[in-house]
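# Working through the structure, step by step
The residues making up each chain are set out below.
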Amino acid sequence: ITPRMVERGRGHIVIVGSILDSLGVPQSPVYFASKAAVQIYGEGLRRLLQDQGVGVSVVRPGFIDTPMSQSPKQPRPFCWSPERAAQKVIVDVRQGAYQITFPWQLRLLLGLQRLAPVRLTDYVVAQSLRAGWAPPIAPDPGATAQRRKR
């Protein structure tokens, strides 16, 4: 599809990541590392294709009310409906946004986290675990399999 867009000199690619792509959370480090990779890939792809008339937007949503986000029984602050999220993406893509991050409250908190000392961020993450704001850390199945092989 991308070569055809380049050939036509127009088109738009939308890639979905996560607002938590910048915070290493202990429950799912591999999952969130993949979301960080999505963000970096999208930035690079945008820079690669921008002079060829093809736009790239990376969507960095917070919690969306879907069965996947409902599966871990935990608080989902500032959770959006799928319809509200889709409308936000449509409007922002039409306006040419290359990064679409929502909700603003989580964007603000995560932006402040990047400015905070690492120890403060570690403390806040640990407190959120203790308060039940995140599911317990599951053992890494790969590590368990490695221990069995020994």
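Structural data are supplied above this passage.
Structure report, in brief. (Residues numbered from 1 in each chain as written. Predicted model: local features only at pLDDT ≥ 70, side-chain atom pairs only at ≥ 80, totals over all residues. Heavy atoms only, no water.)

### Some points on unusual backbone geometry
Here the amide bond leading from Phe102 into Pro103 is cis, since omega sits at -5°, within 30 degrees of zero. By the secondary structure assignment, Pro103 is in the loop between β3 (99-102) and α5 (104-115). (Helix = DSSP H or I, 4+ residues; strand = E, 2+ residues; numbered from the N terminus.)

### Points about the pattern of salt bridges
According to the stated counting rule, one finds 3 salt bridges in the structure shown. Lys88 is paired through a salt bridge with Asp92; the nearest N and O atoms lie 2.9 Å apart. On the criterion of helical spacing, the pair formed by Lys88 and Asp92 is a turn pair, its members being 4 residues apart in helix α4 (residues 82-94). When its relative accessible area of 11% is taken as the criterion, Asp92 is described as buried. (Salt bridge = Lys/Arg side-chain N within 4 Å of Asp/Glu carboxyl O. Buried < 20%, exposed > 50% of the residue type's maximum accessible area, 1.4 Å probe, protein only.)

### So, α5
For α5, spanning 12 residues, the distance from its first C-alpha to its last is 17 Å, which sits close to the expected 16 Å at 1.5 Å a residue. Restricting attention to buried positions, one finds in α5 the residues Leu106, Leu110 and Gln113. Each buried residue of α5 sits inside an arc of 50° when the element is viewed along its axis, so together they form one side. Opposite the buried face of α5, at more than 90 degrees from it, the exposed residues are Trp104 and Leu115. Contacts from the buried residues of α5 go to α6 (118-130). (Expected span 1.5 Å × (residues − 1). Arc of directions from axis to C-beta. Contact = heavy atoms within 4.5 Å.)

### Focus: the environment of Arg76
When you line up the elements, Arg76 lands in the loop between α3 (67-70) and α4. Arg76 has contacts with Phe63, Ile64, Asp65, Thr66, Ser69 and Gln70, leaving out every residue within four places of it along the chain.

### Considering a nonpolar patch on the surface
Together, Phe78, Trp104, Leu108, Leu109, Leu112 and Leu115 give the surface a local cluster of nonpolar side chains, amounting to about 690 Å² of exposed area. Locating Leu108 in the fold gives a position in helix α5. On the basis of relative accessibility, which here comes to 47%, the residue Leu108 falls in the partly exposed class. (Patch = residues over 30% accessible without salt bridge, like charges linked within 9 Å, V, L, I, M, F, W, Y side chains within 5 Å. Areas by Shrake-Rupley, 256 points an atom, 1.4 Å probe, with all protein chains shown as cover.)

By themselves, these are just geometric observations and shouldn't be taken as functional.
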